[in-house]
Amino acid sequence: MSDLKNYACVTASYWGFTLSDGALRMLVLLHFHQLGYSPLDLAFLFLLYEAMGIVTNFVGGWIGARFGLRLTLFAGLAIQIIALVMLSLLQDSWAISLSVAYVMAAQALSGVAKDLTKMSSKSAVKLVVADEGLLFKWVSLLTGSKNALKGVGFFLGGVLLEGLGFQVALWAMAACLAVILIFAVLSVQGELGKAKSKITGKDLFSKSREINILSFARIFLFAARDVWFVVGVPIFFASQLGWGFDQVGLFMALWVIGYGIIQAFVPRLTTKTKDATTGVRATAFWGFVLFILPALMAVGLHLYPDQATLLLIAGLLVFGLVFAINSSLHSFLIVAYSDADKVSLSVGFYYMANAVGRLLGTLLSGLVYQMAGLEACLAVSAVMVLIAATSVLFLTPRKRAA
């Protein structure tokens, strides 16, 4: 019961953090686009955010297993507050090179914060749910709710930028997170997630073939999304279609909210997925379905450029639905294959791969969009999804990793 209460408090804190994370991404993207930054410049603003996720997940899993998930949760919330205050001190009069370096540093802190809190929440679920069928539902619900709230955060970021301006919006978000941090400190008790056995340096590296394969596939799955999601689509809407900041924020919000809602209901859409064995088969199938979508969108934009708005919106909505299924299945498999005593190590290792994929996708999103446009971003996305789906075929179906 104590673990269940702690899990609820950890998850509530993670939800609050997720709102700020989504809002911050949209604030930074739209504010610096307004200042005239190129797509590649905008991508660089997020590079350290993603890069620090690699380091954080790698080391954070060990910290969570060694000292418990309370420490990683509290640290994540506190670091995000520091990042928000730091960004609020940015001056428009600074040279672009100095501004980019400063924002990258602040975003690096935000990247550390995001992955510490995410790892805390996704590791905690393994500690309160033993049955794999029920675990799939809980992981899907957690992942879906997180992404739905991140979508609300996107909209919130656009609204805050329009209504309060960049600096005041950051102050308001920092104040709200401070309240959440106080709540977490007072509510989360005990040694949630602390490993009973000794943790050594060797434990930082996964020795499970299943987790290594899943991590490799995760790199390309999330790179396939972010190669168009981070820079390409928002800037296309703002620059090519003339949408306002609140409109861009609203669309991105609705996309992520819908994506999150679908994730929460994935167990109902994939009713035959009861354990890791059936999960592997479902993941491979839905991976190849996902591959078809960006490929069709790229061809459609090439053949019918005058229908770009309709093709893009309709295509991305379907992509979001199928991607949500893929993401939930991947998230379930990593938790199912993890050892409960050292779950944060496996989850941290896996989300380190996730961060590698996001870093790759973020860089390519700015670079490919600037060089060849959104059509090329979608073509690259299709290739990456194909790699991810093919990788899953090498995953040996079984109930538990050795």
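Predicted, not measured: the structure shown is a model, and the values here were computed from it. (Residues numbered from 1 in each chain as written. Predicted model: local features only at pLDDT ≥ 70, side-chain atom pairs only at ≥ 80, totals over all residues. Heavy atoms only, no water.)

### A closer look at the overall build of the protein
The helix and strand tally for the protein stands at 14 helices and 0 strands. Order of helices (α) and strands (β) in the protein, N terminus to C terminus: α-α-α-α-α-α-α-α-α-α-α-α-α-α. Within the span of the protein, comprising 402 residues, buried residues form 59% of the whole. Carbon and sulfur atoms make up 71% of the accessible area of the protein, which totals about 15,200 Å². (Helix = DSSP H or I, 4+ residues; strand = E, 2+ residues; numbered from the N terminus. Buried < 20%, exposed > 50% of the residue type's maximum accessible area, 1.4 Å probe, protein only. Areas by Shrake-Rupley, 256 points an atom, 1.4 Å probe, with all protein chains shown as cover.)

### Brief notes about the packing of aromatic side chains
Summed over the entire model, instances satisfying the criterion amount to 8 aromatic pairs. On the basis of an interplanar angle of 80° and a centroid distance of 5.3 Å, the ring pair of F285 and W286 is categorised as edge-to-face. Put simply, the rings of F222, W228, W255, F319 and F323 touch in pairs and so form one group of aromatic residues. (Phe/Tyr/Trp six-rings, centres within 6.5 Å; stacked < 30°, edge-to-face > 60°.)

### Side note on helix α8 (residues 232–240)
Among the 9 residues in α8, 7 count as buried, and that is most of the element. Residues of α8 that are buried include every one of G232, V233, P234, I235, F236, F237 and A238, and no others.

### Here's the deal with a nonpolar patch on the surface
Taken together, F155, V159, L250 and L254 make up a surface patch of nonpolar side chains, about 330 Å² in accessible area. If you trace the backbone, L254 turns up in helix α9 (residues 245–264). The exposure class of L254 is exposed, given its relative accessible area of 52%. (Patch = residues over 30% accessible without salt bridge, like charges linked within 9 Å, V, L, I, M, F, W, Y side chains within 5 Å. Salt bridge = Lys/Arg side-chain N within 4 Å of Asp/Glu carboxyl O.)

### Description of the side chain of S215
Considering the arrangement of structural elements, one finds S215 in helix α7 (residues 209–229). Setting aside its immediate chain neighbours within four residues, S215 contacts F349, Y350 and A353. (Contact = heavy atoms within 4.5 Å.)

### A short note on the environment of Q370
Checked against the element boundaries, Q370 lands in helix α13 (residues 343–372). For Q370, a relative accessible area of 43% translates into the label partly exposed. Leave out the neighbours within four places in its chain, and Q370 touches S38, P39 and L40.

### Let's talk about the confidence of the model for the protein
Across the protein, pLDDT averages 77, with 76% of residues at or above 70. Across the protein, the secondary-structure element scoring lowest on mean pLDDT is helix α10 (residues 266–269), at 70, and the one scoring highest is helix α14 (residues 374–392), at 91. (pLDDT = per-residue confidence, 0-100.)

### Things to note about the packing of α7 against α14
Orientation of α7 relative to α14, taken along the N-to-C sense of each, is 165°, at an axis distance of 8 Å. Looking at the two axes, α7 sits roughly antiparallel to α14. Of the two possible hands of crossing, α7 and α14 adopt the one that is left-handed. Two secondary-structure elements touch here, α7 through I213, F216, A217, F220, L221, A223, A224, V227 and W228 and α14 through L374, C377, L378, V380, S381, M384, V385, I387, A388, S391 and V392. Within the contact of α7 with α14, the residues separate by chemical class into 18 nonpolar, 2 polar and no charged. (Axes fitted to C-alpha atoms, helices over the stretch in contact; angles between N-to-C directions. Parallel < 35°, antiparallel > 145°, perpendicular 65-115°, else oblique. Left-handed = near helix turned anticlockwise from the far one by under 90°. Nonpolar A, V, L, I, M, F, W, Y, C, P; charged D, E, K, R; others polar.)

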